[in-house]
Amino acid sequence: MPEKYPSTTTAEVYELQIPGNIMGKEVIDGSARRIGIVRSLRIAIPPGKVELQVKGLGVELPIDVANISAVGNVIQLTKTVKEAEEISIADVQRLRSEIYKEIQGALVGPMGR
């Protein structure tokens, strides 16, 4: 049986500023728990799927954009995310710092250090 999308292309999109318009923003689930921050935006074509990559404590979760109810100072989800534990404000700062260092390393590369 042939694959539905045999040649899917996937791209991961980052912003160079943290927090940015989307990256680094806190993610609040449907139970009003702070579960992580947005690490990146992942796009797959076809089928035209867009997901937020959310970094939490010891976990990274793909969140389909269809599960987002609001975007403002935080990203509000429609559903409760049971796979992630609630994080504190201090955790948010630490996760932002980790992502920033990760992006810096990718931009500079191993030879530029």
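Note that the structure is predicted; figures quoted are calculated from it, not measured.

Some words on the pairing of strand β5 (residues 60-64)
No. 1: Here β5 shows a clear split, with L61 and I63 buried on one side and none of E60, P62 and D64 buried on the other.
No. 2: Pairing of strand β4 (residues 49-55) with β5 involves five bridges; the strand directions are antiparallel. Looking at β5, one finds that Q53 is bridged to P62.

Focus: helix α1 (residues 89-108)
No. 1: An ideal rise of 1.5 Å per residue puts 28 Å on 20 residues; α1 measures up with 29 Å between its terminal C-alpha atoms.
No. 2: Among all positions in α1, only D91, V92, L95, R96, I99, I103 and G105 are buried.
No. 3: In this structure, the buried side of α1 is in contact with β2 (26-28), β3 (34-45) and β4.

Rules behind the numbers
- Residues numbered from 1 in each chain as written.
- Predicted model: local features only at pLDDT ≥ 70, side-chain atom pairs only at ≥ 80, totals over all residues.
- Heavy atoms only, no water.
- Buried < 20%, exposed > 50% of the residue type's maximum accessible area, 1.4 Å probe, protein only.
- Helix = DSSP H or I, 4+ residues; strand = E, 2+ residues; numbered from the N terminus.
- Pairing = 2+ DSSP bridges.
- Expected span 1.5 Å × (residues − 1).
- Contact = heavy atoms within 4.5 Å.

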